[in-house]
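The chain contents come next:
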Amino acid sequence: MTQITTKRNPNAFLREDYQDLVSKALNWNLHRLDSGSLPHSTVDGKKVIMLCSNNYLNLSNHPKIIKAAIQAAKQYGAGSGSVRPIAGTMKIHFDVEEAVARFKHTEAALIYQTGFATNSGLIPQLVGEGDIAISDELNHGSIIDGVRLTKADRAIFKHRDVGDLEKVLREADKKYRRIIIISDGVFSMDGDIAPMDKIVKLANEYGAMTYVDDAHGEGVIGPDGRGIGAHYHIEGKIDVEMGTFSKAYGVVGGLIAGSRDLVNFAYNKSRTWLLSGSHPPAVAGAQLAAIQVLETEPQHVRNLWENTRYFKKELSSLGFNTGNSETPIIPVMIGDSAKAKDFSNGLFDEGIFALPIVFPMVARDKARIRIMMNAGLTRKDLDFALGKFEMLGKKFAII
Ligand code: PMP
């Protein structure tokens, strides 16, 4: 037996790896919310304007959605008792799936535990040996992990570059059985939108399947926030529209919308779906109510966009660079990572919560403050925040 060295001592190597992250300033220091995720939240004991939550429409605080969660828990209990395929499918889970299909104008829909579980569980089943998965270079980590789990070959196309995608498709066409093209709908670092209309057209020419991760598009883009299919008027034409309840819907949970064939395939094959417990009834109740709120209360999406347009316009006129943002994700470009962190700390001291995005999440010279706009903020809140951005922008010589 070999001598056990410190290399095998769990606490020693865990500590060493953690210290390595700390020394490179790549570790996360967690902030603590002492309130709900509110437009005016309390974070680490301090009242701040929330500019970095995914709760775009402030639905996590909507009275009808909270009430629906409580009612579902009272009616069905705290937990579902099982995985969906055994004894964990309750009527309320089916109700949510029906509502999603109705809202997205698709034939069918399926709910997963999370968006991450959707991408990592479904993508590996859609392609296998002899196939190829083609991804936008800036796709989300859960897509990257899903693709890693396939036995298919992989290719990358340049960000939102349909010409480059066609080049990859031309090559792939000769060699592979199935082809899947996967893209984020709204890209979470820059807030730009994938050209899904053009991607779908190209995919049709090559007989490729299309898969869009619309985590940041659902509840945000398209009429009533119905997402990227509605945004481009191509509802039902994207083979897999994947999304999440953890962002604009204000709850948690992954989803896919598409054909009945897709749904039948997906729930029989996705290991994350088959082998993991289903949502507690309160979650399903809140999901269902969130869709009903989107269907009946258009003011939330309208407020989100009014706030977004105003804030972006004012930031630009102050001299800030907001990159290629087309959505409520607004990057305020700073450049250097250390400066972006100092800027964010400065904002926090002034009562604004907006986090920096730094290397390795983005290129070394592309550090930024990423703002996620919120429908619940007032014009007064936005003007207050803009004043602080102006003051710090001058202090850090950014504007
Ligand atoms: N896709 C994208 C683009 C995301 O931003 C996220 C959340 N960070 C996910 C998928 C995962 O969604 P969920 O939070 O539901 O696991």
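Residues numbered from 1 in each chain as written. Predicted model: local features only at pLDDT ≥ 70, side-chain atom pairs only at ≥ 80, totals over all residues. Heavy atoms only, no water.

Caption draft 1: Broad picture of the site of the ligand. Residues in close proximity to the ligand include Thr114, Gly115, Phe116, His140, Ser142, Asp184, Asp213, Ala215, His216, Thr244, Ser246 and Lys247, which together make up its full environment. At 3.1 Å from a nitrogen atom of the ligand is found a side-chain nitrogen or oxygen belonging to lysine 247. For the shell around the ligand, the per-class residue count stands at two nonpolar, seven polar and three charged. (Near = heavy atom within 4 Å. Polar contact = N/O pair within 3.5 Å; in protein donor to acceptor, adjacent residues only side chain to side chain. Nonpolar A, V, L, I, M, F, W, Y, C, P; charged D, E, K, R; others polar.)

Caption draft 2: Here's a closer look at the sheet that holds strand 2 (residues 46-50). Strand order in the open sheet formed by three strands is 1-2-11, with mixed pairing between adjacent strands. Edge positions in the open sheet fall to strand 1 (40-43) and strand 11 (352-353), since each of these has one partner strand only. Direction of pairing for strand 1 relative to strand 2: antiparallel, over a ladder of four bridges. Paired with histidine 40 across the bridge in strand 2 is isoleucine 49. (Pairing = 2+ DSSP bridges. Helix = DSSP H or I, 4+ residues; strand = E, 2+ residues; numbered from the N terminus.)

Caption draft 3: Summary view of the sheet that holds strand 13 (residues 367-372). Taken together, the three strands give an open sheet; going across it, the order is 10-13-12, and neighbouring strands pair in antiparallel fashion. If you trace the sheet from one side to the other, it starts and ends with strand 10 (329-335) and strand 12 (356-357), each paired once. Note that strand 10 and strand 13 share six bridges and pair antiparallel. From the neighbouring strand, isoleucine 330 faces strand 13, where its bridge partner is isoleucine 371.

Caption draft 4: View of the domain arrangement of the protein chain. Along its sequence, the protein chain is organised into domain 1 (29-56 + 298-395) and domain 2 (63-296). Opposite the 21 residues of domain 1 that make contact, domain 2 presents 22 residues. When the two sides are added together, the surface that domain 1 and domain 2 hide from each other amounts to roughly 1,600 Å², 58% of it contributed by carbon and sulfur. On the domain 1 side of the contact with domain 2, Tyr56, Val301 and Glu326 bury the most area, a combined 27% of that side's loss. Scanning the region where domain 1 abuts domain 2 turns up two salt bridges. Residue arginine 368 pairs with aspartate 190 through a salt bridge whose shortest N-O separation is 2.8 Å. One can count eleven residue pairs in polar contact (both at pLDDT 80 or more) joining domain 1 with domain 2. Put simply, the parts of the chain that give the side of domain 1 that touches domain 2 at least two residues each are helix 12 (299-318), strand 10 and strand 13. (Domains from an automatic or database assignment. Contact = heavy atoms within 4.5 Å. Buried area = accessible area lost by both parts, 1.4 Å probe. Salt bridge = Lys/Arg side-chain N within 4 Å of Asp/Glu carboxyl O.)

Caption draft 5: The arrangement of the pattern of salt bridges in detail. Taken as a whole, this structure holds 20 salt bridges when the rule is applied. A salt bridge links aspartate 20 to lysine 24; the shortest N-O distance between them is 3.0 Å. Since its relative accessible area comes to 36%, aspartate 20 is described here as partly exposed. Note that arginine 160 and aspartate 192 form a salt bridge whose closest N and O atoms lie 3.7 Å from each other. (Buried < 20%, exposed > 50% of the residue type's maximum accessible area, 1.4 Å probe, protein only.)

Caption draft 6: Just a nonpolar patch on the surface, in detail. A cluster of nonpolar residues, Tyr18, Leu21, Val22 and Leu26, forms a patch on the protein surface that exposes about 300 Å² of accessible area. Examined against the element boundaries, leucine 26 turns out to sit in the loop between helix 1 (10-23) and strand 1. Leucine 26 sits in the partly exposed class, given a relative accessible area of 30%. (Patch = residues over 30% accessible without salt bridge, like charges linked within 9 Å, V, L, I, M, F, W, Y side chains within 5 Å. Areas by Shrake-Rupley, 256 points an atom, 1.4 Å probe, with all protein chains shown as cover.)

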